Amino acid sequence: MTTSPIRHLAHLTWTDIQALDKHVGVVILPVGAIEQHGPHLPTLTDTLLVTHMLEAALPLLPDHVQAWALPPLNYGKSNEHTNFPGTMSLSAQTLTAVLHDIAASVHRAGFRRLAFMNGHGGNTAVLEAAARDIRLATGLMCFCLQAGLYMEAPFDMTEDEKKLGFHAGELETSLVLAIDPNLVHMERAVKHFAHYPETGTRLFYFGAASTAWLADDWSPHGVFGDATIATAEKGHALIENCAPKIAAVIQAISTFEVGGKAE
Ligand SMILES: [Zn+2]
């Protein structure tokens, strides 16, 4: 018999949930995506990674910290990958509506804090907009944890990978190799860095002026990065490096008060 706190909200009964002290504590909703990740990774990749990273972080929380994970939202907004078969995307409107409905239920149950743990860059704008609307509509304190939280590599990376590798490249491939190597086809792994027009300033993906890019505009196989140098060891190193940081963020959020008021 274990005395560790139950971290999965949906493992509790409604009476257990009613009885929780909710003044402090945070409910966490992982939000993934089902979308192409090159010819070598499963379309489940983003959902798999966000779920696994949260699972790695939760046991690191001290017992007194109140944090409860919801089952993941497997689908996200992935229409930049629509032209690759197997991508299953929600529209921004649908995703927004789902987030609002879940938030309303979290609020109705009496919780005060909700965090979206995001596993996919295409969800970011929707989650951030929804979080503010939810804050205003329900009074919940609402947070967005981004996938960058688990992409801080504790090993050297090439300049190209650091700047241009963000999808199905070294890091994501290494993580899936560490988590479920049977899902990876390394013999199909490729290296691809998109060639952007030289403008003298950093534009396009993450620069001062962004373009509404589609993955197939820039990569014929959907890879942005060098998947060929991925290893399970790098994946394990990433998980070990990032899980404590995620746990620290969750702990900080769990007692956060707007306006910085003390507990
Ligand atoms: Zn991904």
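Described below are features of the structure shown in this document.

### A word on the pairing of strand S1 (residues 26–31)
In terms of residue burial, S1 counts as a mostly covered element, since six of its six residues are buried. Going residue by residue along S1, you find Val26, Ile28 and Pro30 tucked away on one face and Val27, Leu29 and Val31 tucked away on the opposite face as well. As paired strands, S1 and strand S2 (residues 67–69) are joined by three bridges and run parallel to one another. Residue pairing across strands places valine 27 opposite tryptophan 68, the latter belonging to S2. As judged from the five bridges shared by S1 and strand S3 (residues 113–118), these two strands associate in the parallel manner. Considered in S3, the bridge of valine 27 is made with leucine 114.

### So, the packing of helix H2 (residues 45–57) against helix H6 (residues 170–179)
Here H2 crosses H6 at 65°, and the two axes come no closer than 10 Å. It follows that H2 is roughly perpendicular to H6 by the angle criterion. The way H2 lies across H6 gives a crossing that is left-handed. Contacts between H2 and H6 pair Thr45, Leu48, Leu49 and His52 from the former with Glu172, Leu175, Val176 and Ile179 from the latter. By residue class, the composition of the contact of H2 with H6 is five nonpolar, two polar and one charged.

### Some points on the pairing of strand S4 (residues 141–145)
When S3 meets S4, the two strands line up parallel, connected through five bridges. Its bridge partner being in S4, phenylalanine 116 is matched across the sheet by cysteine 144. At this point the chain moves from S3, through helix H4 (residues 124–138), to the parallel S4, and the crossover so formed is right-handed.

### Quick look at the sheet that holds S1
Spatial strand order, S2-S1-S3-S4: four strands in an open sheet with parallel pairing. One side of each edge strand has no neighbouring strand; the edge strands of this open sheet are S2 and S4. Strand after strand, the sheet turns through a mean of 25° between neighbouring axes, direction not considered. Sitting on the sheet, helix H8 (residues 232–254) touches S1, S2, S3 and S4, and the angle it makes with S1 is about 135°.

### Things to note about the environment of threonine 158
On the secondary structure map, threonine 158 appears in the loop between S4 and helix H5 (159–164). Threonine 158 gets classed as partly exposed once you count the C-beta atoms within 10 Å, which come to 15.

What counts, and where the lines are drawn
Residues numbered from 1 in each chain as written. Predicted model: local features only at pLDDT ≥ 70, side-chain atom pairs only at ≥ 80, totals over all residues. Buried ≥ 20, exposed ≤ 12 C-beta atoms within 10 Å, placed from the backbone. Helix = DSSP H or I, 4+ residues; strand = E, 2+ residues; numbered from the N terminus. Pairing = 2+ DSSP bridges. Axes fitted to C-alpha atoms, helices over the stretch in contact; angles between N-to-C directions. Parallel < 35°, antiparallel > 145°, perpendicular 65-115°, else oblique. Left-handed = near helix turned anticlockwise from the far one by under 90°. Contact = placed C-beta atoms within 7 Å. Nonpolar A, V, L, I, M, F, W, Y, C, P; charged D, E, K, R; others polar. Right-handed = clockwise from strand over helix to strand, strands pointing away.

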